[in-house]
Amino acid sequence: MTEISAEASPIMQQIGMLNLRINDMMTQLNAVMKAMMEENAALKKENAAFKAKESKA
């Protein structure tokens, strides 16, 4: 039984490290997606302003 525990521990540590890395990547992805959505909203607003100007001209 001790052999299984000894082998499982490094594997569990690696899984834990992978989980941390995946969590970090997801955090970064969320930040990028948020920035993209904010930029998209700003560009939509700018585009609407240009279209409004164009229709007046």
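Heads up: the structure comes first, above all this text.
My aim in this report is to walk through the structure given alongside it, one point at a time. (Residues numbered from 1 in each chain as written. Predicted model: local features only at pLDDT ≥ 70, side-chain atom pairs only at ≥ 80, totals over all residues. Heavy atoms only, no water.)

## Structural notes on the overall build of the protein
Reasoning step 1: Along its length, the protein carries 1 helix and 0 strands.
Reasoning step 2: Across the 57 residues of the protein, 0% fall into the buried class. (Helix = DSSP H or I, 4+ residues; strand = E, 2+ residues; numbered from the N terminus. Buried < 20%, exposed > 50% of the residue type's maximum accessible area, 1.4 Å probe, protein only.)

## Looking at a nonpolar patch on the surface
Reasoning step 1: A cluster of nonpolar residues, Leu18, Ile22, Met26, Leu29, Val32, Met33 and Met36, forms a patch on the protein surface that exposes about 650 Å² of accessible area.
Reasoning step 2: With respect to the helices and strands, Met26 occurs in helix 1 (residues 2–56).
Reasoning step 3: A residue is classified by how much of its surface remains accessible, and Met26, at 42% relative accessible area, is partly exposed. (Patch = residues over 30% accessible without salt bridge, like charges linked within 9 Å, V, L, I, M, F, W, Y side chains within 5 Å. Areas by Shrake-Rupley, 256 points an atom, 1.4 Å probe, with all protein chains shown as cover. Salt bridge = Lys/Arg side-chain N within 4 Å of Asp/Glu carboxyl O.)

In short, geometric facts, not functional conclusions.
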